Structures are given as C-alpha cells and as structure tokens.
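Below are the chains, spelled out letter by letter.
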Amino acid sequence: MTGSTALNASRRAADLAEIADGAMVDMVVIGGGITGTGIALDAVTRGLSVVLVEKHDLAFGTSRWSSKLVHGGLRYLATGNVGIARRSAVERGILMTRNAPHLVHAMPQLVPLLPEMSKASRALVRFGFAAGDGLRKLAGTPASALPRSRRIDAQRAIALGPTVRRGGLDGALLAYDGQLIDDARLVTAVARTAAQHGARILTRVAASDASRNSVTLTDTLTGEAMQVSARAVVNASGVWAGEVDDSIRLRPSRGTHLVFDAKAFGNPTAALTVPIPGEINRFVFAMPEQLGRVYLGLTDEDAPGPIPDVPEPTPAEITFLLDTVNTALDSPLREEDVIGSYAGLRPLIDTGAGRTADVSREHAVTDSPSGVISVIGGKLTEYRYMAEDVVDQAVARRGLTAGVCRTRNLPLVGAPANPVATLRSSPVELPGSLVARYGAEAPNVIARASCARPTEPVAEGIDVTRAEFEYAVTHEGALTVDDILDRRTRIGLVAEDRSKAEPAAAELLAATN
C-alpha cells in the first residue's frame, strides 16, 4: 500500500480519532527517534498495523544530536569488533546507494601529518584506512559512492583544509565516510515513508502504563487520554527507555559538538580529523555542514543522573574540543569563535565499570516483566538493521502474522526511486541547498507552496526558503516554531540565526494552521 507521505495537524487529528475507536493494532512503537521510526517502517512494510507515538517531536532526543555521520565501522574494527564493523559498513552502503542516496554523501576526512604524529600513529591510521577500504569492498559499496583512501601532498591538504598548520606539514592521509545532510531529516524521511505505507505517526502523544497488550496514550495538546490494545508494544525511547520499562539499566554517555561559522576554518571541503593526544584510534572532527557551518566534535563522557530533555555541553568538554583541534591549526580557535553548541546522550547498555568510550555500541532487545519489548543501545548507522531485529523478535515472541523484511531495498521519501508524487519540474530554478535537503522531492516543496515569496530566504544570510518552512508544517509534521527551527531545519543551533528566522517561522506556521 502506498499513500500520502504528508504529516500534519489534520492527519494527526484523523489518526487519533481512528485509534480512539478502539480497534486492536498489531504494534505500538513508543519513541519517535531514528530507532522508533525505523521499527515503524519495517513493521508496516511487512503488513502490520502500526501506531508510533512520540511525547515531543520527531528526532527530539539523541537522534538530532549526532555527528551527522554514517560510520563505516572503522573504529570498531580497530577494537576487534569485526561483527559491528562489517554491519556498519553494510548499512552505510545500503543508505548511500538504496535507502537515502539524497541524504548521505561521501565526506572526505583529512588527517594532517604533523611532526607530533609518530611513525607508529601514522602507520596505524594508514592501516585503519586500508582496512576501511576493505570493509567498503566487502560491503559491496562502489568506489563511485565512497572513493578509496590515499595519501596527498601538503598543497592538496591545505586546499581541502585551509587553516591546517603549515609548519612541518608532511602532507595528509585522506579517507572517506558517509555524511548525512542532517540526522533529524533522516528521521523525518523514515517517519514519512512509514506514513506512506500506512503507519500512524503521532507526535505530542505520551505513552504510559505500557504492558504486553495495551498502553495508555495521552494527547499532550488536549490532555485527552485513551487506552490502546496492541498485539505488541515496543519501547524505543532511547535514553528514556527506563521511564517506560523500569527494569532497564542504561549508562548514558554525553557527546558534545561545537558550532562555528565555516569561515573560521577557511570554508573547508574536508573534515579535519585530529588525533586526541594520548589516545589510540580516537579523533575529533571539524566537519563542514549545511548553512555555512562547521561542527566540531565529539566527546564521550559519563552522564549519570536524571535525563534532561535537552542536554548541555560542559565547560570542560568545550575546552577539550578546542584544545584538541588547535593542535592541528595555524591560528588557535577561541571560545569567542563558537557560535553554537549541542550535546546528546547515547543510550549505552550498562555493563558496569570502565570508560563510556569503551562501552560496546551493540544493541539489545529485551522482554520486560511487564511484557513490553524494549530495544536499547545501538548506533544511528545501524538503525535499519536494529529495526529488522526488533520486528523479527516481536513477530516471533508475540505470534504476529507478518511478511519478510523489505527495508534493505526500500527507498525513503526523497530518494529518486520512491514513488512519492514528485512533480519533477519546477517553474523556478531550485536552490542547491533545498535539493540537498529534499532530494527528488525538492520540486514539490516549491510547487506546492501557497505562501507569498516561496523561494525567498527566511531571513538574510540563511539559505532556507520560505517554502521549506511551510512544507515543514504541511508535510513534515511540524506543529511549533521550535519544530521548524530546531529539527526540520538546523537554524536554531545559532542563537542569532534563530532570532532572525523566528518571525518567518511564526508567520508560516500561523498561515498553514
């Protein structure tokens, strides 16, 4: 079944009304991040009836705070975890060539060869990159999608990363990994593709009293509550999983990024990859991103205690990131150069002592005493594989009647092969930034706009069009100004940009409701 991909307030109201009628559904998924939306898509494309609920917004939690990388698993290979390394490479290839070629592209990673880098460290990185090439081949990802690694001279290194330290620079090692235009956009695309196949995707709906066959859902906008009967209830709420199932023990780890104007790094075209002093196989990355920005990350710190809705970077993490990247720069960056920051919590499985950086990124599927099936751990790159595993287990444990997994070859909304009703032509030339965010769907964003001046930027110096703000509300489930600024776009990461774009977001939200 293929239907509308549009998520909006009217579809939300209709879906809630249908659920309130009381018919049993096959699966309720709790959590609207990449794991939950991935499970909803897998389940609905096997023929199951699916309701996904998220108490905030799509990609509200950890799924919007990543490095925007689709990792090939090189780090896990270095620690001897061949299984997760190979799976990561396979899943990266699936995303880049089948599921979301419009959202994931090859990102050059530049490791400058500076005097402080020992021969042993250089050899280790060279070996790692060669192993990464092997993983790419093993996964069947063509070199046209991910070029092979190589050594380059100093002149080429400076062209790719203009602010790299010149003194003693002995060229650089260059490799490639997958980069998302944006992680929250991937979540939205997965959610809309699930909706296209008939899943009910409901934001601002909180779940409580979850058990084997039922869950209470509360519309947080109206306060109305209803009990829904389900053949399986799946908890995919990430770092909040313990709030749904109190038998779960997680060990959250905080990963922090700093946001810079790309000019501070000389408008680089490669991610500057800097070894962390005293560490083996750990780096910080300064990655060129959309909206003319560079994200510098990332940390891996224990984050005990209550789980905040929006984690905050610590002063120590900011200092660590600046100190590390400055070892590779001609002119050091200062805290005043930071124009924004963000932090996310990884939902790691609690294995006891040791550093969070060393805790396995494997996922686990558990069946709690209450009868809720929970998925914990894992990493963004493997979301599709995790979803397949969860649905396989839910089908087996609850005796559901379902087809085989179809997501390996399923194009998401915006991929050229997705049968979404693309108009494939536009009365105006499309901005490159819009195409990067919407792929084959980009013509629709402009053609379906009803707002005034649809192709104009939402504010001076911000390459997001007014039509994109409108589309966020009419097709992508945005219900608030924050949804538009913080998750459908990343304008909100920089306070000055947020204040400039907020009037347009408020205007277009009001006009479409």
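Provided above is the structure to which this section pertains.
All of these numbers come straight from a predicted model, not from anything done at the bench.

Engineer: How do you make sense of the pairing of strand β18 (residues 373–377) when you look at a structure like this?
Structural biologist: When a strand is regular, its side chains alternate between the sheet's two faces. Where burial is concerned, most of β18 is hidden: five out of the five residues are buried. The pairing of strand β10 (residues 225–235) with β18 spans two bridges and is parallel. Residue pairing across strands places N235 opposite S374, the latter belonging to β18. As judged from the five bridges shared by strand β17 (residues 363–367) and β18, these two strands associate in the antiparallel manner. Along β18, the bridge assignment pairs V365 with V375. Counting the residues that bridge the hairpin from β17 to β18 gives five residues, and of these G371 lies at a positive phi of roughly 95°.

Engineer: Could you clarify how one ought to interpret the environment of P277 in this entry?
Structural biologist: Its location among the elements puts P277 in the loop between β12 (271–275) and β13 (283–289). A residue is classified by how much of its surface remains accessible, and P277, at 56% relative accessible area, is exposed. A C-alpha to C-alpha distance of 7.5 Å links P277 and T324, two positions 47 residues apart in sequence.

Engineer: Please explain the pattern of salt bridges as it appears in this structure.
Structural biologist: For the structure on display, the rule yields 38 salt bridges. Here R346 ties to D300 by a salt bridge, and the two come within 3.4 Å at their closest N and O atoms. Taken together, the positions of R346 in strand β16 (residues 340–349) and D300 in the loop between β14 (293–297) and β15 (301–302) put the pair 46 residues apart, joining distant regions of the chain. Judged by its relative accessible area of 17%, R346 is buried. Within this structure, D57, R204, D483, R487 and R488 form a network of salt bridges that share partners.

Engineer: Got a minute to help me understand the packing of aromatic side chains in this structure?
Structural biologist: Centre distance and the angle of the planes are the two values used to describe a pair of aromatic rings. With the rule as written, the count across this model stands at four aromatic pairs. Each ring, one from W65 and one from Y342, has its centre 5.5 Å from the other, and the planes form 25°; the classification is stacked. On the criterion of sequence distance, the pair formed by W65 in the loop between β2 (50–54) and β3 (69–70) and Y342 in strand β16 is long-range, its members being 277 residues apart. The same class applies to W65 and to Y342, which are both buried. Between F260 and F265, the ring centres sit 5.4 Å apart and the planes meet at 85°, which makes this aromatic pair edge-to-face. Residue F260 is classed as buried on the basis of its relative accessible area, which comes to 0%. Positioned above the aromatic ring of F60, the side-chain terminus of R64 is 4.9 Å from the ring centre. Here the basic side chain of R185 rests over the ring of Y438, its NZ or CZ set 4.3 Å away from the ring centre.

Criteria and cut-off values
- Residues numbered from 1 in each chain as written.
- Predicted model: local features only at pLDDT ≥ 70, side-chain atom pairs only at ≥ 80, totals over all residues.
- Heavy atoms only, no water.
- Buried < 20%, exposed > 50% of the residue type's maximum accessible area, 1.4 Å probe, protein only.
- Helix = DSSP H or I, 4+ residues; strand = E, 2+ residues; numbered from the N terminus.
- Pairing = 2+ DSSP bridges.
- Salt bridge = Lys/Arg side-chain N within 4 Å of Asp/Glu carboxyl O.
- Phe/Tyr/Trp six-rings, centres within 6.5 Å; stacked < 30°, edge-to-face > 60°.
- Lys NZ or Arg CZ within 6 Å of the ring centre and 35° of its normal.

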